[in-house]
Amino acid sequence: MLKFNPNKTNCTGCSACYSVCPVQCITMVPDNEGFLYPEPSKACIKCKLCEKVCPSINDKREYNYSKTVFAAVSKDYEIWQRSSSGGAFSEIVRQWSDNKTLIVGAAWEGTKVHHIGVVGFDNIIPLCKSKYVSSAIENTFIEIRKHLQSGKKAIFCGCPCQVDGLLHFLSKYYDNLLTIDFICHGQGSPFVFQECLKIIGEQLKEEVVAYEFRAKRKIIEDDYLSKITTVRKVHYVTKDPYQQLFLGQDILRPSCGNNCKYRNMKRPGDLTIADCRGLTKIFPDLRGSKKNYSTIISNTKKGEKVIVSLHKTMNMRQYSLDSVVKYNPLFAHQTWISTNRDAFMHDVVKNPIETINKNTQPLIEKKINISTIVKTYLPSWLIKILYKIQL
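Rules used in this analysis
Residues numbered from 1 in each chain as written. Predicted model: local features only at pLDDT ≥ 70, side-chain atom pairs only at ≥ 80, totals over all residues. Heavy atoms only, no water. Helix = DSSP H or I, 4+ residues; strand = E, 2+ residues; numbered from the N terminus. Polar contact = N/O pair within 3.5 Å; in protein donor to acceptor, adjacent residues only side chain to side chain. Contact = heavy atoms within 4.5 Å. Core = buried A, V, L, I, M, F, W, Y, C linked by side-chain atoms within 4.5 Å. Buried < 20%, exposed > 50% of the residue type's maximum accessible area, 1.4 Å probe, protein only. Arc of directions from axis to C-beta. Pairing = 2+ DSSP bridges.

Asks: Hey, could you run me through the side chain of threonine 360 in this one?
Replies: Mapped onto the elements, threonine 360 comes out in the loop between helix H13 (352-359) and strand E14 (364-365). From its side chain, threonine 360 meets the backbone oxygen of isoleucine 356 in a polar contact 2.7 Å long. Those residues within four positions of threonine 360 in sequence are excluded, and the remaining contacts are Pro241, Gln244 and Leu245.

Below, the structure is given as structure tokens:
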């Protein structure tokens, strides 16, 4: 930890300090819970640039923009299928980027999550879908700055604290940068995730080689399941040990939960995206529809312009900010917080397998029924027609 910010509950691991250091004396080091924290070396020249860019002690966010809110779903079946909800991230990138745009977001590297950069819309598939595990930023802030300074566009998507970290690191406004944050439940422990994968492998009787949150197993109906690939088979499961612990808020980063400074309307991103919670209550005519929608919120004039352009490729329904707060309250304020977090993490570090098994139920594997098999093998042209009928 750095002397000016020694408390783990006040460090989000955004990596702004690491990225700005002119002598590269700061290293992001995992603690025993798997979360990254900055550690300086003796090479420090005491320039204090790390202190100047730290968002935890320099809050520059303002709430002075009249936000616009839409529920949206992509008109493109393939984009909807590869997304966790309505395809907001992909469509935003498609509308704002060109073939030289650097797009940075979280991606899987095996069963670990890192932020990576890709160039051009055609290469964003690894960045799609939710990853509820703390992501390593690494050198992506530095790559973004170089790209922006060359006059090219860049897009960054991440947790609000990560977006804020990038903006503090850059320390100036770039018209050629678009930032996207999301309504965040918190950063889950990478250490606990890896231990849960061992337990999941034991329950499935095979080693887990890949994991995907929020899998859409069915062709027409979306399914909120985890897609788990073992050595010989693909499994669709619900309520696996990691999901149980993450949703119970027992494995969040110390700066998340009750200590999060971003569960409010002072959003750092040009746009905020999320699942559209309460969709059929907000729009009763959508009852019976099997399409899940995204929520898209503009926080700046730049974000507002992007939303206007999205009408070309998404079905858009405007609704109120009050409804976002009502059905997705983490957007605006704290909700319930686990009181078991510290005790659980203390125990899980000492004895991970026993502690996780003691505090979770066995996963439930979803079997594929005949209806799903029939839908799976429909020709692609018919699938797209059925998708459009759903819109």
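Now that the structure has been shown, the text picks up again.
Asks: Just to check I follow, could you spell out the nonpolar core for this structure?
Replies: Soluble globular proteins tend to bury their nonpolar side chains together. Judged by nonpolar contacts, the single largest core of 27 residues is most densely connected at Phe89, Ile92, Ile103, Ile124 and Ile296. Put simply, the parts of the chain that give this core at least two residues each are strand E3 (68-74), helix H4 (88-96), strand E4 (102-109), strand E6 (154-157), strand E7 (177-182), strand E11 (271-275), helix H10 (301-310) and strand E13 (314-319). A total of five residues in this core trace back to one element, the largest contributor, which is H4. Counting residues in hydrophobic clusters, the runner-up holds 26 residues, among them Val237, Leu252, Phe344 and Leu363.

Asks: Help me understand H10 in this model?
Replies: Residue pairs spaced three or four apart in an α-helix point in one direction, given the helix's 3.6 residues per turn. Within the span of H10, buried status applies to Lys302, Gly303, Val306, Ile307, Ser309 and Leu310. One side of H10 holds all its buried residues, which, seen down the axis, span an arc of 160°. Exposed side chains of H10 directed beyond 90 degrees from the buried face belong to Lys301, Lys305 and Val308. For H10, the secondary structure elements touched by its buried residues are E3, H4, E7, E11, strand E12 (294-298) and E13.

Asks: Explanation requested: the pairing of strand E2 (residues 36-40) in the structure shown.
Replies: In the case of a regular strand, side chains alternate between the two sheet surfaces. Pairing of strand E1 (residues 26-30) with E2, which is carried by five bridges, proceeds in the antiparallel orientation. Counterpart to isoleucine 26 in the pairing with E2 is proline 40. In this antiparallel pair of consecutive strands, E1 and E2, the connection spans five residues, and glycine 34 shows a positive phi of 95°.

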